[in-house]
Amino acid sequence: MYTQMVDVEAAGAAGEEQRRFDEKLDRGITIEPKDWMPDAYRKTLVRQISQHAHSEIVGMLPEGNWITRAPSLQRKLILLAKVQDEAGHGLYLYSAAETLGVSRDELTEALLTGRAKYSSIFNYPTLTWADVGAIGWLVDGAAIINQIPLTRCSYGPYARAMTRICKEESFHQRQGFDVMVKLCAGTQEQKAMAQDALDRWWWPAVMMFGPPDSASPNSEQSMHWKIKLFSNDDLRQRFIDQTVPQADALGLVIPDADLRWNAERGQYDFGAVDWDEFYRVVRGDGPCNRDRLRARIDAWEEGAWVREAALAHAEKRARRSADATEAGSAA
């Protein structure tokens, strides 16, 4: 009887917490780390934010491959700064995830063991310098469209991290487009290189927004919780509508024979996406999946001594601080 009463009281308290949580969402009040939240909401955030953080870190690899081979010192400095920005974005996002009660080591272990995912776009190779431009123009352009709404998502630490990240991503997109402008204004070989990069990166960029809404199991709930504000298909359409005129301005051809302007809808119609390729890459069978994961494992293992040294230094400072406090109290 006593147990039943406790269960009823606990259920009542949980119901009241849920009501307050729902009310905050309805009123547009952000959820903060110390606020009550449903376990499923917390788990969804950990999954999404950690996947986003992993994508920023793994995303350094395709472009980092070209730092030593950039065509000029200016391009080298710009690319180096961009890759450093991506590392910072990963740190912001890992910190946001940690406010949900998960440790950095847990997040890293999930990535290195293959239990956590990152954006499939980074499992494609950068074969030429034009690929660096295509990544900045298309991949960062898609990221901005996907991430700007996240600055207004319901979880405060995630929204605040995204505000800074989006500002920096806008510069990344501009530098990528500038690379493409220069190539398209150059020799026939350089313009052909830019077209080849567009041909290879267009469809992976279109896939960046995730599977179609009809096959996206998490979208509806995430939108209910206001973690996501727009559906995958809505964001994908925005990207295509924004990018096609840019390709026209460059004199490049989008590799989609079914691409047409639909005057009635005021949007572009586009061809069928190869979702079999998308799921194949997500499952780990993309051109560079194994290389990307191996690079992250090697970096983690080779950096062990740095983490150990930093931890030992922190412990040493803590002991000195404690000893100084004790000495002061004794005096």
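Residues numbered from 1 in each chain as written. Predicted model: local features only at pLDDT ≥ 70, side-chain atom pairs only at ≥ 80, totals over all residues. Heavy atoms only, no water.

Chemist: How should the state of the cysteines be read in this particular structure?
Modeler: One pass over the structure, following the stated rule, counts zero disulfides. Here Cys153 stays unpaired: no disulfide links it, and the sulfur of Cys166, its closest cysteine neighbor, is 11 Å away. (Disulfide = S-S within 2.5 Å.)

Chemist: Teacher, can you tell me more about the nonpolar core here?
Modeler: Nonpolar side chains in soluble globular proteins tend to be buried together. Membership of the largest hydrophobic core comes to 49 residues, with the highest contact counts inside it found for Trp137, Leu138, Trp201, Trp202, Phe239, Ile240 and Leu252. Mapped onto this core, the elements with two or more residues apiece are α4 (73-98), α6 (129-147), α7 (156-184), α8 (188-207), α10 (232-250) and α11 (275-282). Element by element, the count of residues in this core is highest for α6, at 10 residues. Apart from the residues lying within four places of it in its own chain, the contact partners of Trp201 are Ile121, Tyr124, Pro125, Thr126, Asp131, Ala134, Ile135, Leu138 and Val139. (Core = buried A, V, L, I, M, F, W, Y, C linked by side-chain atoms within 4.5 Å. Buried < 20%, exposed > 50% of the residue type's maximum accessible area, 1.4 Å probe, protein only. Helix = DSSP H or I, 4+ residues; strand = E, 2+ residues; numbered from the N terminus. Contact = heavy atoms within 4.5 Å.)

Chemist: Even after reading the chapter, I still don't get the environment of Val132, so can you show me in this structure?
Modeler: Looking at the element boundaries, Val132 is found in helix α6. Taking relative accessible area as the criterion, Val132 reaches 1% and is therefore assigned buried. Sequence-distant contacts of Val132, defined by excluding residues within four places in its chain, comprise Glu63, Trp66, Leu79 and Gln175.

Chemist: What is the right way to look at the pattern of salt bridges in this model?
Modeler: Oppositely charged side chains may form a pair once their charged atoms are brought near each other. Taken as a whole, this structure holds 19 salt bridges when the rule is applied. For Lys24, the salt bridge is made with Asp35, and the minimal N-O distance between the two is 3.3 Å. Of this pair, Lys24 sits in helix α1 (residues 2-27) while Asp35 sits in the loop between α1 and α2 (39-58), placing them 11 residues apart in sequence. Taking relative accessible area as the criterion, Lys24 reaches 26% and is therefore assigned partly exposed. Residue classification places Asp35 among the partly exposed positions, given a relative accessible area of 21%. Where Arg294 meets Asp298, a salt bridge forms, and the shortest distance between an N and an O atom there is 3.0 Å. Here Asp298 and Arg294 lie together in helix α12 (residues 289-302), a separation of four residues that amounts to about one turn. (Salt bridge = Lys/Arg side-chain N within 4 Å of Asp/Glu carboxyl O.)

Chemist: Looking at this structure, how should I read unusual backbone geometry?
Modeler: Glycine aside, residues mostly have negative phi, and peptide bonds are mostly found in the trans state. We note that Lys226 has phi near 65°; this positive angle belongs to a residue other than glycine. Its location among the elements puts Lys226 in the loop between α9 (219-224) and α10. Given the relative accessible area of 30%, Lys226 is considered partly exposed.

Chemist: Which parts of the structure should I look at to understand the packing of aromatic side chains?
Modeler: The geometry of two aromatic rings is summed up by the distance between their centres and the angle between their planes. By the definition in use, this model includes 11 aromatic pairs. Seen from their ring centres, Tyr41 and Trp225 are 5.6 Å apart, and the 90° between their planes marks the pair as edge-to-face. Here Tyr41, found in helix α2, pairs with Trp225, found in the loop between α9 and α10; they are 184 residues apart in sequence, far enough to count as distant. Across the pair, exposure class does not vary: Tyr41 and Trp225 are buried alike. When the ring of Trp137 is compared with that of Phe177, the centres are 6.0 Å apart and the planes differ by 65°; the resulting orientation is edge-to-face. Of the two residues, Trp137 sits in helix α6 while Phe177 sits in helix α7, which places them 40 residues apart along the sequence. Among the aromatic residues, those joined into a ring-pair cluster are Phe21, Trp36, Tyr41 and Trp225. Here Arg174 stacks its cationic end above the ring of Phe171, 5.2 Å away from the centre of that ring. In this structure, Arg307 packs its charged tip against the face of Trp300, placed 3.5 Å from the ring centre. (Phe/Tyr/Trp six-rings, centres within 6.5 Å; stacked < 30°, edge-to-face > 60°. Lys NZ or Arg CZ within 6 Å of the ring centre and 35° of its normal.)

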